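# An overview of the molecular structure
Given next are the chains, with one letter for each unit.
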Amino acid sequence: MKKNWPLWEVFVRSKNGLEHRHFGSLHAADAEMALENARDVYTRRNEGVSIWVVESKNIAASNPLNNGELFEPAQDKVYRHPTFYDLPDDIKHM
Amino acid sequence: MSEEQIKNLEVQFNARIERDEKIEPKDWMPEKYRKTHIRQMSQHAHSEIVGMLPEGNWISRAPSLRRKVALLAKVQDEAGHGLYLYSATETLGISREEMYEQLHTGKAKYSSIFNYPTLTWADMGAIGWLVDGAAIINQVPLCNTSYGPYARAMIRVCKEESFHQRQGFEIMMKLAKGTSEQKDLAQDALNRWWWPSLMMLGPKDEESVHTEQSMKWKLKRKSNDDLRQQFIDQTVPQADLIGLTIPDPELKWNKERGSYDFGPINWDEFWQVVKGHGPCNKERMKARVGAWKEGEWVRDAAMAYAEKQATKNLNKAV
């Protein structure tokens, strides 16, 4: 074997109106084959109406070790939520 | 990292699992967790792939078009299940090639049940009913396991598996209701697959080395013996319903336990098959390794074509 087929990530839209969601991954020589394989591997029972494939090496991901500085600051910004604001009881439609 | 730091991380890690949080690929995990998962998940994937072979044997000889399309779809699902599981295992940092290598050299195991031969059409019924039935019992609890990619793959697998069992049971039911010759075929298949199916749920609890740790990691939710009892209790009434006899003279309903008592399992046979001395171990590996080798030029050609197309497009762009 000279060179292994690269890894692709598969995203499927299960029906119009919904977003594409990550379904899994597979190996394929090129994008066309990745789409064909994704159809056979991930949508044998009407699971989707649209497929995206992207070579895994092209995805940049955040590191869970940095979750503290990335996500925790949001926790003390309570003023971003409607419940932070005091309103008189008899106010309607707000 | 110091030993103390690692210990701290491990305590936090175990607490996360305790709280039913999922572990995802890039999260820190103990080396043992990673290794155990690679072992179990790749074995699971290998079982799906090797599991196609005994049934592939009967696709071209299925007795009707209805049976043929169903069996084809089932075998295709197994290929799919193998692929979900391989890619989930790859998230733990092992390559597909390494896993294939381990399978082909015998370093990695697969379910010992697939080392039994499929002698008659009725075996397609027995496999779907019993082998897939036992597999479902094993797999349903795994939909809640702690490692995210494994749990997600298992949810997909379990959704598809119940069709497998039903198509098998239907085959058995039809044969059992057929001519006396057909009924004999069904009974013979049950006789041959019953005990291996019980063994498939794993060694006795006291001989199962990984159980305790696996329970903590939710890689296992029930012990082998509990799963086996569950399988027997749900399968015996199904056999009764279609007029087939479970080949165990000691099988008896135990009112106090609310379960069936059953006769001794031949564990020597189980270990012999696991060690490679089953009726079809060599044949299965020969078929699998042969398919991989004979496919090499196709894989290479596809890669060469893809590279050529990529260069062409690049030149066009310039």
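Since the structure is predicted, the reported quantities are computational estimates derived from the model, not experimental observations. Here the residue numbering is sequential within each chain, running from 1 through the sequence in written order. Here the convention is simple: chains get letters from A, ligands get numbers from 1, in the order in which they are written. A pLDDT threshold of at least 70 governs which residues receive local features in this predicted model, and a stricter bar of 80 or more applies before side-chain atom pairs are shown or counted, although totals over entire chains, interfaces and linings include all residues. Excluded from the side-chain calculations are hydrogens and water; all other atoms, namely the structure's heavy atoms, are used.

### A closer look at the interface of chain B and chain A
To keep things clear, this is the line we draw: Contacts are assigned to residue pairs that have any heavy atoms within 4.5 Å of one another. Two parts placed together each lose some accessible area under a 1.4 Å probe, and the buried area is that loss summed for both. A side-chain nitrogen of Lys or Arg and a carboxyl oxygen of Asp or Glu constitute a salt bridge if their distance falls within 4 Å. Pairs of N or O atoms are called polar contacts if they sit within 3.5 Å, as long as, within protein, a hydrogen donor faces a hydrogen acceptor (for residues adjacent in sequence, only side-chain-to-side-chain pairs). Counting from the N terminus, the helices are the DSSP runs of H or I reaching at least four residues and the strands are the DSSP runs of E reaching at least two. Gly is placed with the polar residues, together with every amino acid not listed as nonpolar (Ala, Val, Leu, Ile, Met, Phe, Trp, Tyr, Cys and Pro) or charged (Asp, Glu, Lys and Arg).
Between chain B and chain A, the residue contacts involve 23 residues of the former and 22 residues of the latter. Considering only the surface of chain B that becomes buried against chain A, Lys 26, Arg 156 and Met 303 of chain B emerge as the three largest contributors, covering 25% of it. Inspection of the region where chain B meets chain A yields 5 salt bridges. Where Arg 44 of chain A meets Asp 77 of chain B, a salt bridge forms, and the shortest distance between an N and an O atom there is 2.7 Å. Applying the counting rule to chain B against chain A returns 12 residue pairs in polar contact (both at pLDDT 80 or more). Mapped onto the side of chain B that touches chain A, the elements with two or more residues apiece are helix H4 (65-90), helix H5 (96-104), helix H7 (148-176) and helix H13 (296-317) of chain B. When the residues that make up the side of chain B that touches chain A are grouped by side-chain class, the tally is 7 nonpolar, 4 polar and 12 charged.

### Considerations on a nonpolar patch on the surface
What counts is decided by this rule: Here, patches come from residues exposed beyond 30% relative accessible area and free of salt bridges, joined within 9 Å for like charges and within 5 Å for nonpolar side chains (Val, Leu, Ile, Met, Phe, Trp, Tyr). Computed with the Shrake-Rupley method and a 1.4 Å probe, the accessible areas treat only the protein chains shown as cover for residues.
Together, Val 78, Tyr 79, Phe 84 and Tyr 85 of chain A give the surface a local cluster of nonpolar side chains, amounting to about 410 Å² of exposed area. Summarising the element assignment, Phe 84 of chain A is placed in the segment after helix H2 (67-71).

### Some points on the packing of helix H2 (residues 31-50) of chain B against H4 of chain B
Helix packing geometry: the angle between the two helix axes and the distance between the axes. All names here are of chain B. Filter applied, for reference: Axes, fitted as lines to C-alpha atoms, cover a helix only where it is in contact. Angles between the N-to-C directions of the axes lie from 0 to 180 degrees. With respect to orientation, any angle under 35 degrees is reported as roughly parallel, any angle over 145 as roughly antiparallel, any angle of 65 to 115 as roughly perpendicular, and every other angle as oblique. It is the rotation of the near helix from the far one that decides the hand of a crossing: anticlockwise by less than a right angle makes it left-handed, clockwise makes it right-handed.
Contact pair H2 / H4: the axes reach a minimum separation of 7 Å and the direction vectors enclose 160 degrees. Taken together, H2 and H4 sit at an angle that is classed as roughly antiparallel. As for the relative orientation of H2 and H4, their crossing is left-handed in sense. Touching Ile 38, Met 41, Ser 42, His 44, Ala 45, His 46, Glu 48 and Ile 49 of H2 are Glu 78, Ala 79, His 81, Gly 82, Leu 85, Tyr 86, Ala 88 and Thr 89, all from H4. A class-by-class count of the residues in the contact of H2 with H4 yields 8 nonpolar, 6 polar and 2 charged.

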